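# Commentary on secondary and tertiary structure
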Amino acid sequence: MSQLTGITNENEFYSHHYLDAILKDDIKNIAKTWKENAVENNTKSPPEELGSLTKNYFHLRSQFNQEKDISQRLELHRQWLSEFFGVLGYEINPSTIVLDDGETLPLICQINKSNGLPLLWILEAPPETNEIIDILDLTFNPQPQTPNHVSEACPKDIPQTPNHEPETIEDIVSDYIFTQSEPPRWLLIANIHQVILIDRFKWNASRLLRFDKTEILSRKDNDTLTATAILLHQEHTCPGEGTTLLDELDENSHRHAFSVSDDLKYALRKSIELLGNEA
């Protein structure tokens, strides 16, 4: 379990020790640069902007929980996601994407590589009730593409057709999104309670990072706000050029784990030698 309050490192997206003990040092220069730029431009850094969303978040969440009208709930939900992802450098532009098998999925943001192939998708998954459950367990159904299909990116417009039983978000990621001939590398799946970061290369091992917005925004721990902003920011998932920061952190995590493993093997060998000499 990560010591960063509100961030869950499921199945070691990065090694647990790396996230707990090393990550802060690896991202401190980014945080410093952000802070210096904010001071120079008389603005707030992304972690500060994230923290400043707290009051509005709890106000909108209260409205969302009290609202009975589905369309109004969705409007409040979209308003929050626009604010949250706006702070992280993304532009929310609802659309639908047609998958290889003709199904469509609603997206609120998609970023492509320079060659036009998908790099990152943000999928909105508003809860049907006020109960907080795992976002991957929420259900909605991919929508068959028809000549009369209206392109509207709202899960309420996805019908439960006779040919399709409701499927969980987890199933949709596995059976629809990552089975594309050209799937995105990154997925962000979000609702008013949580957001998860998925790397296609780690999905088969069920590795992901989960961000609990209530915990993160209520506690306002500086290290957690900084890590959240850096790990989710568009600059670091979809840079204009070069390697993504997330891949650099992954490499650092593997390097550190390998180093620790070597140290443990050396210590074990040394212990056996000492025991042998004593005998």
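Not measured: the values here are computed from a predicted model.

When helices and strands are counted, the chain shows nine helices and eleven strands. Split into buried and exposed, the 279 residues of the chain put 46% on the buried side. Long-range pairs, those at least 24 residues apart, make up 62% of the contacts in the chain with a sequence separation of at least 6. With the model as given, the accessible surface of the chain reaches about 14600 Å², and the carbon-plus-sulfur share is 47%.

Our focus in this paragraph is the pattern of salt bridges. This model, assessed by the stated rule, comprises ten salt bridges. One salt bridge in this structure joins Asp199 and Arg185, with 2.7 Å as the shortest N-O distance. Of the two residues, Asp199 is situated in strand 10 (residues 194–199) and Arg185 in the loop between helix 5 (169–177) and strand 9 (186–190); the sequence distance between them amounts to 14 residues. Assigned by exposure class, Asp199 and Arg185 land together as buried. Taking the shortest distance from any N to any O, the salt bridge between Glu251 and Arg255 comes out at 2.9 Å. With Glu251 and Arg255 both in helix 9 (residues 245–278) and four residues apart, the pair spans about one turn of that helix. Several salt bridges converge on common partners, so that one network encompasses Glu10, Asp134 and Arg210.

Attention shifts here to the packing of aromatic side chains. As enumerated under the stated definition, the model contains eight aromatic pairs in all. Here the aromatic rings of Tyr14 and Tyr18 are separated by 6.0 Å at their centres, their planes lie at 70°, and the arrangement is edge-to-face. Tyr14 sits in the buried class, given a relative accessible area of 1%. With relative accessibility at 0%, the residue Tyr18 sits in the buried group.

Let's shift gears to the confidence of the model for the chain. For the chain, the mean per-residue pLDDT works out to 86, and 82% of the residues sit at or above 70. In this model residues 145–162 is a low-confidence stretch, pLDDT under 50, and it forms 36 contacts with partners more than four residues away in sequence or in other chains. This model gives residues 260–268 a pLDDT under 50, and the stretch forms zero contacts once residues within four places in sequence are excluded.

This part covers helix 3 (residues 54–66). For helix 3, built from 13 residues, the straight-helix expectation of 18 Å at 1.5 Å per residue is met to within 8% by its first-to-last C-alpha distance of 19 Å. For helix 3, the complete set of buried residues consists of Thr54, Tyr57, Leu60, Arg61 and Phe64. For helix 3, the arc enclosing every buried residue in end-on projection is 130°, short of the 170-degree limit, so these residues lie on one face. Opposite the buried face of helix 3, at more than 90 degrees from it, the exposed residues are Lys55 and Gln66. Here the buried face of helix 3 lies against helix 2 (46–51), helix 4 (70–87) and helix 6 (213–219).

Take Lys113: it is sitting in the loop between strand 4 (109–112) and strand 5 (118–124). For Lys113, a relative accessible area of 40% corresponds to the partly exposed category. Spatially, the C-alpha atoms of Lys113 and Glu241 are 9.6 Å apart, while their sequence positions differ by 128 residues. Those residues in contact with Lys113 that sit more than four places away from it in its chain are Pro118 and Leu119.

Strand order in the open sheet formed by six strands is 1-11-10-9-5-4, with mixed pairing between adjacent strands. On the outer flanks of this sheet lie strand 1 (7–10) and strand 4, each paired with one strand and no other. Averaged over all pairs of adjacent strands, the angle between their axes in this sheet comes to 15°, without regard to strand direction. Two elements, strand 9 and strand 10, share five bridges in a ladder whose sense is antiparallel. Its bridge partner lying in strand 10, Ile189 is registered against Ile196. Contacts from helix 5 reach strand 5 and strand 9 within the one sheet, and its direction differs from that of strand 9 by about 155°.

About the cut-offs
Residues numbered from 1 in each chain as written. Predicted model: local features only at pLDDT ≥ 70, side-chain atom pairs only at ≥ 80, totals over all residues. Heavy atoms only, no water. Helix = DSSP H or I, 4+ residues; strand = E, 2+ residues; numbered from the N terminus. Buried < 20%, exposed > 50% of the residue type's maximum accessible area, 1.4 Å probe, protein only. Contact = heavy atoms within 4.5 Å. Areas by Shrake-Rupley, 256 points an atom, 1.4 Å probe, with all protein chains shown as cover. Salt bridge = Lys/Arg side-chain N within 4 Å of Asp/Glu carboxyl O. Phe/Tyr/Trp six-rings, centres within 6.5 Å; stacked < 30°, edge-to-face > 60°. pLDDT = per-residue confidence, 0-100. Expected span 1.5 Å × (residues − 1). Arc of directions from axis to C-beta. Pairing = 2+ DSSP bridges. Axes fitted to C-alpha atoms, helices over the stretch in contact; angles between N-to-C directions.

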